[in-house]
Amino acid sequence: MADEALSAGAVARRLGVAVTTLRTWHQRYGLGPSEHVPGHHRRYTPADLARLEIMRRLTAQGVTPAEAARWAGRTPDAVPADTGVHPGVSAADGRDGGGSTIPVGRAGPVARGLARAAMRLDPVAIGETIARAVQANGVVATWDGLLRPVLFGIGERHAATGALVEVEHLMSRCVSEAFAVAVRAGTPAGPPRVLLTCADEEQHTLPLEALAAALAEAGVGCRMLGARVPLPALLEAVNRTGPAAVVIWSHTQVTADAAQLNALLAAPHRPLLVLAAGPGWLADSLPAGVLRPVDLTEAVSLALAVRDSLDQVTPD
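Nothing here was measured: the structure is a model prediction, and the numbers come from that model. (Residues numbered from 1 in each chain as written. Predicted model: local features only at pLDDT ≥ 70, side-chain atom pairs only at ≥ 80, totals over all residues. Heavy atoms only, no water.)

Q: Explain the overall build of the protein chain to me, please; I cannot follow it from the model alone.
A: For the protein chain, the helix and strand inventory stands at 13 helices and 5 strands. Counting the 316 residues in the protein chain, one finds 47% classified as buried. (Helix = DSSP H or I, 4+ residues; strand = E, 2+ residues; numbered from the N terminus. Buried < 20%, exposed > 50% of the residue type's maximum accessible area, 1.4 Å probe, protein only.)

Q: Looking at this structure, how should I read helix α9 (residues 165-186)?
A: One turn of the α-helix equals 3.6 residues, which is why residues spaced by three or four share an orientation. Compared with an ideal rise of 1.5 Å per residue, which puts 22 residues at 32 Å, α9 spans 32 Å between its outermost C-alpha atoms and is within 8% of the ideal. Within the sequence span of α9, burial applies to V167, L170, M171, C174, V175, A178, F179 and A182. Take α9 and look down its axis: the buried residues cluster within an arc of 165°, on one side only. Facing away from the buried side of α9, by more than 90 degrees, are the exposed residues H169 and R184. Tucked inside the fold, the buried residues of α9 contact α6 (109-119), α7 (123-137), α8 (139-161) and α10 (206-217). (Expected span 1.5 Å × (residues − 1). Arc of directions from axis to C-beta. Contact = heavy atoms within 4.5 Å.)

Q: Would you mind going over the environment of A244 with me for this structure?
A: In this structure, A244 sits in the loop between α11 (231-241) and β3 (245-249). Among the residues examined, A244 registers a relative accessible area of 7% and is labelled buried. C-alpha separation for the pair A244 and P271, spaced 27 residues apart in sequence, amounts to 4.8 Å.

Q: How do you make sense of the packing of aromatic side chains when you look at a structure like this?
A: Two numbers describe a pair of aromatic rings. These are the distance of the centres and the angle of the planes. Counted by the stated rule, this structure contains 1 aromatic pair. When the centroid spacing of 6.1 Å and the interplanar angle of 55° are considered together, the rings of W143 and F179 count as tilted. Residue W143 is found in helix α8, and its partner F179 is found in helix α9; the two are separated by 36 residues along the sequence. Taking the relative accessible area as the measure of exposure, W143 reaches 6% and is therefore buried. (Phe/Tyr/Trp six-rings, centres within 6.5 Å; stacked < 30°, edge-to-face > 60°.)

Q: Can you walk me through helix α4 (residues 65-73) in this structure?
A: Burial in α4 covers these residues: A68, A69 and A72. An end-on view of α4 places all buried positions within 100° of arc, on one side of the element.

Q: I keep staring at the nonpolar core and nothing clicks. Help me out?
A: Across soluble globular proteins, nonpolar side chains have a tendency to be buried as a group. Counting residues in hydrophobic clusters, the biggest one holds 53 residues, and the most contacted among them are I126, L147, M171, V194, L196, L211 and L215. Discounting chain neighbours no more than four positions away, the residues touching L211 are L196, V247, L296, A299 and V300. Among the nonpolar cores identified, the runner-up in size contains 20 residues, and A10, L22, L31 and A159 belong to it. (Core = buried A, V, L, I, M, F, W, Y, C linked by side-chain atoms within 4.5 Å.)

Q: Would you mind showing me how to read the packing of α8 against α9 here?
A: Geometry of a packed helix pair, given as the angle between the helix axes and the separation of the axes. Where α8 contacts α9, the two axes come as close as 9 Å, and the packing angle between them is 165°. Of the possible angle classes, the one that applies to α8 and α9 is roughly antiparallel. The chirality of how α8 crosses α9 is left-handed. Contact with α8, carried on its side by V139, W143, L147, V150, L151, I154 and H158, involves V165, V167, E168, M171, S172, V175 and F179 of α9 and no other residues of that element. Considered class by class, the residues forming the contact of α8 with α9 number 11 nonpolar, 2 polar and 1 charged. (Axes fitted to C-alpha atoms, helices over the stretch in contact; angles between N-to-C directions. Parallel < 35°, antiparallel > 145°, perpendicular 65-115°, else oblique. Left-handed = near helix turned anticlockwise from the far one by under 90°. Nonpolar A, V, L, I, M, F, W, Y, C, P; charged D, E, K, R; others polar.)

Q: Which parts of the structure should I look at to understand the sheet that holds β3?
A: Paired through backbone hydrogen bonds, the strands of a sheet run either parallel or antiparallel to each other. With parallel pairing, the 5 strands of this open sheet are ordered in space as β2-β1-β3-β4-β5. If you trace the sheet from one side to the other, it starts and ends with β2 (222-224) and β5 (290-291), each paired once. Direction of pairing for strand β1 (residues 194-198) relative to β2: parallel, over a ladder of 3 bridges. Among the inter-strand pairings, L195 is bridged to a residue of β2, identified as R223. (Pairing = 2+ DSSP bridges.)

Q: Is there a simple way to think about the pattern of salt bridges in this case?
A: Side chains that differ in sign of charge can pair as their charged atoms come close. A full pass over the atoms with the stated rule returns 6 salt bridges. With its nearest N and O atoms 2.7 Å apart, the salt bridge here joins R56 to E53. One end of the pair is R56 and the other is E53, both in helix α3 (residues 46-60) and 3 residues apart, which spans about a single turn. For R148, the salt bridge goes to D144, with nearest N and O atoms at 3.3 Å. On the criterion of helical spacing, the pair formed by R148 and D144 is a turn pair, its members being 4 residues apart in helix α8. (Salt bridge = Lys/Arg side-chain N within 4 Å of Asp/Glu carboxyl O.)

Q: What's the story with the environment of G186 in this structure? I'm lost.
A: Turning to its location among the elements, G186 is positioned in helix α9. For G186, a relative accessible area of 25% puts it in the partly exposed group. Counting along the chain gives 34 residues from G186 to V220, while the straight-line C-alpha distance between them is 8.3 Å. For G186, the contacting residues outside a window of four places in its chain are A216 and G219.

Q: Which parts of the structure should I look at to understand unusual backbone geometry?
A: Trans peptide bonds make up most of the peptide bonds, and negative phi angles are found at most residues other than glycine. One non-glycine residue, L121, lies in positive phi territory at about 55°. Among the secondary structure elements, L121 is positioned in the loop between α6 and α7. The backbone phi angle of E201 is positive, close to 75°, even though this residue is not glycine. Residue position: E201 is located in the loop between β1 and α10. In this structure E201 comes out as partly exposed when scored by relative accessible area, which is 43%.

Here you go:
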């Protein structure tokens, strides 16, 4: 039932987080279950679940838990359902499309225009907007300042209403296509210096696609294996391509298995650098020698450092 109150375990499974994470969010930020029946454990209502989904999406995008909790605490029932205005959108923004407006916070008019194109399901306008932004500002700035706010806004609306699945799918496809163009245009010839892969069973690829485009823009050769790469396949790819760095992306703790990192470190052709990217990895659970970049900029910088160090020792 859509209105059924849920246990902590059921909520954890829906969100793809650990029960201990829910307890932490409850104890530190007050995002706990609100339904109480005497003599029973408290249970999570649909409104509680919607707030926690916003919390999860925000932290997955790199927002600090404290800031994410402030947004989640105001959403969705802190906003009247009939106004069409949602957290992150001013009243003026709400008038631009009413209840169909995607919240983009303070991302600016280009993001609002991109959000409107997404709501119209207009792939041509979406693609042209992304292409202009990449050409003018570069991949990293486009991802952080334009795409992430719009993608998060779509996710926020979906968490609150259950709608916009078709908008999210179309937007994701358009972003993937734009990044694929950047990769084809910028990737240098020769073997890849960086291998990009999702963790086993991980299906969220857009941040990794952004990294591939940013590396290509910086002139760093890379290969991307995509979603749900089993460990044996990853090790075989490392053996066949000999990358200097491997980036494993995990969106949630469910897919962030440190055994994948340990296997890379023990591989016969171990890469010089192993990066655990994404919010699924916990810094204190990483094996020694594995780095966890905090954002796209740092991941690119680390890859550039490895390339430059190799160039210094590689004879012309």
